[in-house]
2 protein chains.
Amino acid sequence: MIRVGIAGYGNLGRGVECALSKSQDMELVGVFSRRDPSTVKTVTDVAVFSMDEIEAKKDDIDVLILCGGSANDLPTQTPEMAKYFNVIDSFDTHAKIPEHFANVDKACQENGHIGIISVGWDPGMFSLNRLYAQAILPNGKDYTFWGKGVSQGHSDAIRRIEGVADARQYTIPVEAALESVRKGENPELTTREKHTRECFVVAEEGADLDKIENEIKTMPNYFADYDTTVHFISQEELNRDHAGIPHGGVVLRSGSTGFNDENKHVIEYKLTLDSNPEFTSSVLVAYARAAYRLCKEGQKGCKTVFDIAPAYLHAASGDELRKNLL
Amino acid sequence: MIRVGIAGYGNLGRGVECALSKSQDMELVGVFSRRDPSTVKTVTDVAVFSMDEIEAKKDDIDVLILCGGSANDLPTQTPEMAKYFNVIDSFDTHAKIPEHFANVDKACQENGHIGIISVGWDPGMFSLNRLYAQAILPNGKDYTFWGKGVSQGHSDAIRRIEGVADARQYTIPVEAALESVRKGENPELTTREKHTRECFVVAEEGADLDKIENEIKTMPNYFADYDTTVHFISQEELNRDHAGIPHGGVVLRSGSTGFNDENKHVIEYKLTLDSNPEFTSSVLVAYARAAYRLCKEGQKGCKTVFDIAPAYLHAASGDELRKNLL
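Keep in mind that what you see is a predicted model, and the values were worked out from it rather than measured.

Undergrad: Before we move on, can you summarise the packing of aromatic side chains with the specific residues and values?
TA: One pass over the structure, following the stated rule, counts 11 aromatic pairs over all chains. In textbook terms, an aromatic cluster arises when at least three aromatic residues are bridged by ring pairs, as seen for Trp121, Phe126 and Tyr269 of chain A. The ring of phenylalanine 101 of chain B has arginine 322 of chain A sitting right over it, with the charged end atom 3.6 Å from the ring centre. Above the plane of the ring of tyrosine 9 of chain B lies arginine 14 of chain B, whose end atom (NZ or CZ) is 5.5 Å from the centre.

Below, the structure written as structure tokens:
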């Protein structure tokens, strides 16, 4: 059994707990939290420890899955934990990945551990599909569409507006743009042509709705470059109809082959996810299996999904995979 | 530059020649054919050699791409050539993959070479996507649909019927079945519910068309289990409208997460290909790059797409991949 620890117990940590409970070759040793452990109730009643105790558990855990946030937790936590454990994280600040990679690699190399960073679906499975598609069709064009799904960042931005009590924002790909790419038309698409934004907003009593709607639609970076729809609804409606955290998206590459580029090809990878954190957790758990196996082979250092052969992720043996899946 | 040889010069060999002509880090050393080299004209005017001369070229070639057929050529050719070269093939007889793997592995281990077998899209990219999706969603169901595309085997079967001069058969996925899977309904599908078959047949002068149509529709294994449509057309129409070799298909996995399996997820990988052999060739060339790099690292033995980390396929460095694609 692969012994796994979880550091951080929010939506992602709970998702990892759930995914581990269904993996026959893995067991959850415990959850580590910065909160007082007596206040943290896990779904499967697994033990909760204070983060301060984590170093003492280093011989009991084969892989530590870090479930904190990319903005404030992971940049320091992943390299620090890589001193004691093989680590996996879902670091998703694209621009800072090279720096994070270097920091985690240094800690892993010095301490003989494996680190796998930026695991999830974007970065993660979407990145993988961009790589495979580019390698196969070097002469082509990449497209990534996100949604339909909840953007936490955009929902938070709306909630910061005066007079807003609560909000949920959906990112939605423009179907006409998707269809054009699927037909191999290689369109040049502006930000506005790729996605629309739909907002469900609960206003405070007596708030100026026109003012809120205008502030949302003109907000730089978040909404100004998009066609945005705003719906005012009650808190009850928001709780009833928008409690889920669905997401997903599509990665496409459209390319050509032939001596005169006469043959077109489209590669499409599409995810439709009821729960963004639970799917990300499931990817983390598969890569935790890979980290364990790589460590057993004596490898060390920081890796990404690009560096891991697919067979390491699956519980079955090479013989079984060749027989049943190839 | 990675020096590549091609063994066998049909549609696949020509596709590899074309893909290599567009790869900046690879060069084509020559084509090897069992035909008299003076009768073989390559598109890029690259040298053609007799297969009998191939062993003498072993120091001039880093990777040999085998472009013969799975039925008669590759089972003996790939292990034989693995004595002298790093080899890649597109062996696609699913049931015989374990045996072929063992034979190629033996030759590779004894001679310090890398062999990568069953490279293409199915087996190949479809297999990879089955593996990734199963590893991420262990609780789920797999589906593979093929087409719309030309099946060479089914076209040949029709051509063997008395009174048939020429024929082209298309395999077509049933849209309603695909939509049900995409919705996460996890349907149980019979052979007939998954694909239909459409045949374009050129009959010989005076042939009995009803008899031909009946023979096609009742042919065991090939057509009897499918809803089949037969169109009689002229040779001119066949040549004009059905000269291409399009293919493609969809691999889906529909699975659930959550402590009560309350969240559904669908992973879809779809290929839409104008030219089946040219796409397969493009995959072969990407894996030739991987074979070269693995050999440079001192690795040996037989591998499949399951055993190769994605980064080996792409011409860019690890730093560039992390910066631009992750």
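Structure's up, so let's keep going.
Undergrad: Quick one: what's the story with the pattern of salt bridges, residue by residue and with numbers?
TA: A complete count under the given rule lists 40 salt bridges over all chains for this structure. Between arginine 182 of chain A and glutamate 179 of chain A there is a salt bridge whose closest N-O contact spans 2.8 Å. Within this pair, arginine 182 of chain A and its partner glutamate 179 of chain A are both found in helix α6 (residues 175-182), separated by three residues, close to a single helical turn. Residue classification places glutamate 179 of chain A among the partly exposed residues on the basis of a relative accessible area of 31%. Arginine 322 of chain B is paired through a salt bridge with aspartate 319 of chain B; the nearest N and O atoms lie 2.8 Å apart. Taken together, the residues arginine 322 of chain B and aspartate 319 of chain B, both in helix α11 (residues 318-324) and three residues apart, mark about one turn of the helix.

Undergrad: Explain the packing of helix α2 (residues 74-81) of chain A against helix α3 (residues 97-111) of chain A to me, and be specific about the residues and the numbers.
TA: Residue and element names in this part refer to chain A. As a packed pair, α2 and α3 sit with axes 8 Å apart at the nearest point and diverge in direction by 20 degrees. Relative to α3, the element α2 lies roughly parallel. By crossing handedness, the relation of α2 to α3 is classed as right-handed. Between α2 and α3, the residues in contact are Leu74, Pro75, Thr78 and Pro79 and His100, Asn103, Val104 and Ala107, respectively. Taken together, the residues of the contact of α2 with α3 sort by class into five nonpolar, three polar and no charged.

Undergrad: Outline the interface of chain A and chain B, listing residues and values.
TA: Taken together, the 64 residues of chain A in the interface contact 64 residues of chain B. Together chain A and chain B conceal approximately 5700 Å² of surface at their shared face, both sides included; 65% is due to carbon and sulfur atoms. The largest share of the area that chain A buries against chain B comes from Phe259, Arg322 and Leu326 of chain A, three residues that together contribute 15% of it. There are two salt bridges connecting chain A and chain B. Between lysine 22 of chain A and aspartate 261 of chain B there is a salt bridge whose closest N-O contact spans 2.8 Å. Where chain A meets chain B, there are 25 residue pairs in polar contact (both at pLDDT 80 or more). Only α1 (11-21), α3, α4 (125-136), β13 (263-273), α10 (276-296) and α11 (318-324) of chain A provide two or more residues apiece to the side of chain A that touches chain B. A per-element tally of the side of chain A that touches chain B places β13 of chain A first, with 11 residues.

Undergrad: How would you explain the pairing of strand β12 (residues 247-257) of chain A if you had to name every residue and give the values?
TA: Residue and element names in this part refer to chain A. Counting buried residues along β12, 11 of its 11 residues qualify, which places the element largely inside the surrounding structure. Here β12 shows two buried faces, one formed by His247, Gly249, Val251, Arg253, Gly255 and Thr257 and the other by Gly248, Val250, Leu252, Ser254 and Ser256. Pairing geometry for strand β7 (residues 140-146) and β12, over seven bridges, is antiparallel. From the neighbouring strand, aspartate 142 faces β12, where its bridge partner is arginine 253. As defined by bridge partners, β12 adjoins β13 across 11 bridges and the pair is classed as antiparallel. Counted as the bridge partner of serine 254 is valine 266 from β13. Taking the residues that link successive antiparallel strands as the turn, the β12-β13 hairpin has five residues, and the phi of glycine 258 there is positive, at about 100 degrees.

Undergrad: With reference to specific residues and values, describe the confidence of the model for chain A.
TA: Confidence in the prediction of chain A, expressed as mean pLDDT, is 97, and 100% of residues score 70 or more. As scored by the predictor, the complex reaches a pTM of 0.97 and an ipTM of 0.97.

Procedures and definitions
Residues numbered from 1 in each chain as written. Chains lettered and ligands numbered in written order. Predicted model: local features only at pLDDT ≥ 70, side-chain atom pairs only at ≥ 80, totals over all residues. Heavy atoms only, no water. Phe/Tyr/Trp six-rings, centres within 6.5 Å; stacked < 30°, edge-to-face > 60°. Lys NZ or Arg CZ within 6 Å of the ring centre and 35° of its normal. Salt bridge = Lys/Arg side-chain N within 4 Å of Asp/Glu carboxyl O. Helix = DSSP H or I, 4+ residues; strand = E, 2+ residues; numbered from the N terminus. Buried < 20%, exposed > 50% of the residue type's maximum accessible area, 1.4 Å probe, protein only. Axes fitted to C-alpha atoms, helices over the stretch in contact; angles between N-to-C directions. Parallel < 35°, antiparallel > 145°, perpendicular 65-115°, else oblique. Left-handed = near helix turned anticlockwise from the far one by under 90°. Contact = heavy atoms within 4.5 Å. Nonpolar A, V, L, I, M, F, W, Y, C, P; charged D, E, K, R; others polar. Buried area = accessible area lost by both parts, 1.4 Å probe. Polar contact = N/O pair within 3.5 Å; in protein donor to acceptor, adjacent residues only side chain to side chain. Pairing = 2+ DSSP bridges. pLDDT = per-residue confidence, 0-100.

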